[in-house]
Each structure stands twice: as structure tokens, then as C-alpha cells.
Protein chains: 2
Amino acid sequence: MITFVLASASPSRLRILEQAGVDPLVRPSRVDEDALQAGLPENTPHVRVVEELARAKATDVLEREGATLASEARAAGADTLVVVGCDSMLLVDGQLEGKPHTYDRAMERWRRLRGRHGVLLTGHAMLVADLGDARAAGGDDDDVVVVRYSGADTSTTTVHFGAPSDADLDVYLRTGEPLECAGAFTIESLGGWFIDRIEGDPSSVIGLSLPLLRRLLEDAGLHAHSLWRPELRS
Amino acid sequence: MITFVLASASPSRLRILEQAGVDPLVRPSRVDEDALQAGLPENTPHVRVVEELARAKATDVLEREGATLASEARAAGADTLVVVGCDSMLLVDGQLEGKPHTYDRAMERWRRLRGRHGVLLTGHAMLVADLGDARAAGGDDDDVVVVRYSGADTSTTTVHFGAPSDADLDVYLRTGEPLECAGAFTIESLGGWFIDRIEGDPSSVIGLSLPLLRRLLEDAGLHAHSLWRPELRS
């Protein structure tokens, strides 16, 4: 049995997992994203920036909370601990854009974006620890968490923005929904009205790519369905 | 104020509207889809088939329940009644595929589909009635529902299927989730693990295209945000 940990505070990521049959433990990272991004070499490719941030988040959670998570997981009968971190940014005009935070900045971005397209990059990092191995390796030392698999990849999706009126935008942005979202938009909720089409994986645009996660799981020798809640597998 | 009626029993369509800020009245149609499709001329283009089915559903609901809906809407203070019908089918190898209904048929389709792509067609029809006009035209006869706008369009999205193992497929199909879905797949829930990418509008794949609905609304002189629940517009 697997204990699955989402190293993110994003309600969108949690919801996509829940809708896809997974009830993760939510353990947000404490990574300073701006500082980490600023510390990367200047020519770091965009797909690597989001991957590095995702990796930093998963690693942070495993380092800080791994021992607690492992003993919780063992108590629940799990033999495997999986920690996933993600990071999303919108690439527009060669620039990576994160969260707008304010109405004014979001409006400014939407006026620039509407009728155009951007590329949503979502980096994923997955760490897998075998809890059985740790017990074998450490005797009765439950604190040992041995990472047996570490994978990362980035999902790249082109997003074609519609051309909402200023009136629609004003109502949308005043709800506050997109202010804490990469690129100042959502696609699964109110923002869905204003995205005309995408080329890529829809779940990656919400913040976590299910098919990419499936490939990382398979790479680690695990089935996607082994994360699903028990009543879906009976 | 608008009273918005969804002429569909689909929980996916209801959920996408609710997530997009709309609480519709749900009034499923009683159209015999198979009989209606069989009655269309043989050379009817695929995009027209789903459009005709969508139109039949919206029309059926307005004809059977229009008077009741109009008086409910007026009582709630609405001056406009909007009825929307939808129909989705998957086009594979030149054939339109509806719901598989059984595990065996779904498994047969998935074994054929995995690693390939299909085209998801979602037809939409929208009827708009001005309740104020009806009252003016009919005096105190509240039963009169005058349709002032009738629009229809089809959303076309290419869906690239992943290649889930037989074990993953078995667990997925045994949940029953995709058995009553066009093309034997879902994208917003468990099926999201097994769809690698799309080219088109994600909401159309769930069953109702929000940007297409926005364009029909604008065509009828209405704003998308005027459907949103009041607390989102304050």
C-alpha cells in the first residue's frame, strides 16, 4: 500500500487528485520560490526552472517531515511513501509569469493576453521511499527514509486565451479566483469561460498532470490505480 | 436576471457548470437519441448529428416544460429564460461512438483506442426566451414563451489516448465511471490518468464547452458572467 503526499498547498492540485480517485496527505513545502528561482543560473531553460522548483518542494517536505510521514504511513499499513511536488508558470513573450497577486496586475496581464496564446509549464518531481527497506536497513530505527526513486519531468501545454470583454474580466478578477494562480487564469472553474482551447494535457493546466504522474509512477514500478482509494479498487 | 436550464441528466455537465459559477435548473430531455439519430439522412455530417441531437433535447424541454419554467423564472424575478442542450460523441475510424453501457464493450473500445486518437464532437443548442416580451404579447397569459434566439454549434476536440495497462483498465472500467460516457472515457476524473493530451477545449470533452456557450450567449446579447451566482457578481 502507498501513502501519497502532495507537497503543495494548491486547492486546485488537491481537487484534481481527489476527482481522480486519490486522497493525498497534504504537506505544503516551505521553499522560498522567488529566492530559489533567483538563485538558478541565468540561462536555465524554462522547463528546468519549474522542474527545479518542483524538486525543491518535494525534497523540502521529505527532509522536514519524512520521518513523521514514514511512521504515519507504516502505522496505516503502507510499505511505500510517494512525495510529489509541482510548480507551474506561464511563458509569454519569452518571460515566465507566476501569480499576479493583485487585481490590477491580473487585469494588466489579461488585457495583454486575450486573443493570444501562452505556454503553461508544469514541473513535477516525485520521490519514492520503500518503507520496508528502511526498516531492514535501520533495524528498529523508523526514522530512516531511503529514497529508492527520484524522477522529474515538465508538462508543456499551449493555452489559447479567449477575448472576454472588460465587463466579464472585471467580474472574473473581482472574485479573486485567478489572483493566486500562475499566469492569472484558471481553467477548471470560472476561467474556463475565457480559455478557448489548449494543446496538451488539461490536468497540467490545473496544476498537476495526471498522465505525467502516471508515467513517473510506472517508471518507479508502480501502477496509477494503486493510488486510488480502496473502494475504487474493490 | 436569467434563469438557466440544463436540458441534460449528465452529472459531468452539471458539475462543469457549477464549478464555472452557474447553478442551473436541471431538466433532462426525453428525446429518444438512437431513434432520432437513425432518422437523420444518411449523409448528415458528423458535426450536424450532435448538433441536431442537442437541438432536439433543448426543444423537447422547452416544449414540455416551457410554461412551468417561465412561471418559475418570473416568480424568481428573471426576465430571460435560457435552455441549453448538448450531445457528445467520439469519432473514431469514421464512426460515431456513443456510450458503451457495458464493461465488455468499454474494454473492447479501450484496447482499440489506447495509444491512438479520436475526435470528440460536442453539439450545443441554445434557446433564449424573453419573459418580459411574452407577458407583453400575451397580456396576463403567462403560458406564452416566445423564443427570441436559437443558436447551435459544435465543438471539435482531438483526444490523444494514453496506453494504460490491462490492469489499470480493468480497475478503471470496474468502477463503472466511463460506461455511460460518450467514447467510453472521462477526462475530468479517473479517466484523466489515461488521456495524454487534447487539442481543443477541455470543457467540451467533459460534455459542455464553456467558451462555445459564451459565444452563443454573446450572440444572443448576453454576458457569460450574467449566469454566475449572485455572490460572484457582487
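Here the structure is a predicted model, which is why all the values come from computation and not from measurement.

1. Side note on the overall build of chain A
Now for step 1: Looking only at helices and strands, one finds eight helices and seven strands in chain A.
Now for step 2: In terms of overall size, chain A behaves like a compact globule, its C-alpha atoms giving a radius of gyration of 19 Å where 234 residues would be expected to give roughly 17 Å.
Now for step 3: Seen through its principal axes, chain A has C-alpha atoms that stretch 65 × 45 × 25 Å.
Now for step 4: Looking at chain A as a whole, 55% of its 234 residues are labelled buried.
Now for step 5: Intrachain contacts of chain A at a sequence separation of at least 6 include 75% that bridge at least 24 residues.
Now for step 6: With an accessible surface of roughly 9,300 Å², chain A has 48% of that area assigned to carbon and sulfur atoms.
Now for step 7: The positive charge centre, built from 24 side chains, and the negative charge centre, built from 37, are 3 Å apart in chain A.

2. Concerning the nonpolar core
Now for step 1: By size, the foremost hydrophobic cluster in this structure holds 95 residues, and its most contacted members are Trp193(A) and Trp193(B).
Now for step 2: Those residues in contact with Trp193(B) that sit more than four places away from it in its chain are Ala20(A), Val22(A), Leu210(A), Pro211(A), Leu213(A), Arg214(A), Leu217(A), Ala224(A), Leu227(A) and Trp228(A).

3. Brief notes about the packing of helix 4 (residues 103-113) of chain A against helix 6 (residues 166-174) of chain A
Residues and elements named next belong to chain A.
Now for step 1: Two elements in contact, helix 4 and helix 6, have axes whose closest approach is 10 Å; the angle formed by their N-to-C orientations is 145 degrees. Read as a crossing pair, helix 4 and helix 6 show a hand that is right-handed. Each of Tyr-103, Ala-106, Met-107, Trp-110 and Arg-111 in helix 4 lies in contact with helix 6, whose residues at this interface are Asp-166, Leu-169, Asp-170, Tyr-172, Leu-173 and Arg-174.
Now for step 2: Its residues assigned to classes, the contact of helix 4 with helix 6 comprises seven nonpolar, no polar and four charged.

4. Digging into the interface of chain A and chain B
Now for step 1: Between chain A and chain B, the residue contacts involve 45 residues of the former and 45 residues of the latter.
Now for step 2: Interface area, chain A with chain B, both sides summed: about 3,600 Å², of which 59% is carbon and sulfur.
Now for step 3: At the boundary of chain A with chain B, the tally comes to four salt bridges.
Now for step 4: As a salt-bridge pair, Asp196(A) and Arg214(B) come within 3.6 Å of each other at their nearest N and O atoms.
Now for step 5: Here chain A and chain B share 12 residue pairs in polar contact (both at pLDDT 80 or more) between them.
Now for step 6: Sorting the residues of the side of chain A that touches chain B by element identifies helix 1 (11-19), helix 6, strand 7 (195-200) and helix 8 (210-219) of chain A as the ones contributing at least two each.
Now for step 7: Residues of the side of chain A that touches chain B, tallied by class, amount to 22 nonpolar, 11 polar and 12 charged.
Now for step 8: Pairing of strand 7 of chain A with strand 7 (residues 195-200) of chain B involves three bridges; the strand directions are antiparallel. In the strand pairing of strand 7 of chain B, Gly200(A) is matched with Ile198(B).

5. Notes on the pairing of strand 1 (residues 2-6) of chain B
Residue and element names in this part refer to chain B.
Now for step 1: With five of five residues buried, strand 1 is to be regarded as a mostly interior element.
Now for step 2: Alternating positions in strand 1 separate into two faces, Ile-2, Phe-4 and Leu-6 on one and Thr-3 and Val-5 on the other, with burial throughout.
Now for step 3: The sheet contact formed by strand 1 and strand 3 (residues 80-92) spans five bridges and is parallel. Paired with Leu-6 across the bridge in strand 3 is Val-84.
Now for step 4: Sheet topology places strand 1 next to strand 2 (residues 25-26); two bridges connect them, and they run parallel.

6. So, the relation of the copies chain A and chain B
Now for step 1: Mapping chain A onto chain B leaves a residual RMSD of 0.0 Å; the transformation is a rotation of 180 degrees accompanied by 0.0 Å of translation along its axis. Expressed as an axis order, the relation between the two copies is that of a two-fold axis. Relative to the rotation axis, the closest C-alpha in chain A is found at Glu199(A), a distance of 2.2 Å.
Now for step 2: Comparing interface residues between copies, 100% of those in chain A also sit at the interface in chain B, which points to an isologous, same-surface contact.

7. Some details on the pairing of strand 3 (residues 80-92) of chain A
All names here are of chain A.
Now for step 1: Taking burial as the measure, the 13 residues of strand 3 include 13 buried ones, the bulk of the element.
Now for step 2: Of the pairings in the sheet, the one linking strand 3 to strand 5 (residues 117-130) comprises 12 bridges and is antiparallel in character. Residue pairing in the sheet places Thr-80 in a bridge with Asp-130 of strand 5.
Now for step 3: The pairing of strand 3 with strand 4 (residues 95-97) spans three bridges and is classified as antiparallel. Within strand 4, the residue paired with Leu-90 across the bridge is Glu-97.
Now for step 4: Where strand 3 folds back onto strand 4 in an antiparallel hairpin, the turn is made up of two residues, including Asp-93, whose phi is positive at roughly 50 degrees.

About the criteria used
- Residues numbered from 1 in each chain as written.
- Chains lettered and ligands numbered in written order.
- Predicted model: local features only at pLDDT ≥ 70, side-chain atom pairs only at ≥ 80, totals over all residues.
- Heavy atoms only, no water.
- Helix = DSSP H or I, 4+ residues; strand = E, 2+ residues; numbered from the N terminus.
- Rg over C-alpha atoms; globule rule 2.2 N^0.38 Å.
- Buried < 20%, exposed > 50% of the residue type's maximum accessible area, 1.4 Å probe, protein only.
- Contact = heavy atoms within 4.5 Å.
- Areas by Shrake-Rupley, 256 points an atom, 1.4 Å probe, with all protein chains shown as cover.
- Lys, Arg positive; Asp, Glu negative; His and termini not counted.
- Charge placed at Lys NZ, Arg CZ, Asp CG, Glu CD.
- Core = buried A, V, L, I, M, F, W, Y, C linked by side-chain atoms within 4.5 Å.
- Axes fitted to C-alpha atoms, helices over the stretch in contact; angles between N-to-C directions.
- Left-handed = near helix turned anticlockwise from the far one by under 90°.
- Nonpolar A, V, L, I, M, F, W, Y, C, P; charged D, E, K, R; others polar.
- Buried area = accessible area lost by both parts, 1.4 Å probe.
- Salt bridge = Lys/Arg side-chain N within 4 Å of Asp/Glu carboxyl O.
- Polar contact = N/O pair within 3.5 Å; in protein donor to acceptor, adjacent residues only side chain to side chain.
- Pairing = 2+ DSSP bridges.
- Least-squares fit on C-alpha atoms with pLDDT ≥ 70 in both.

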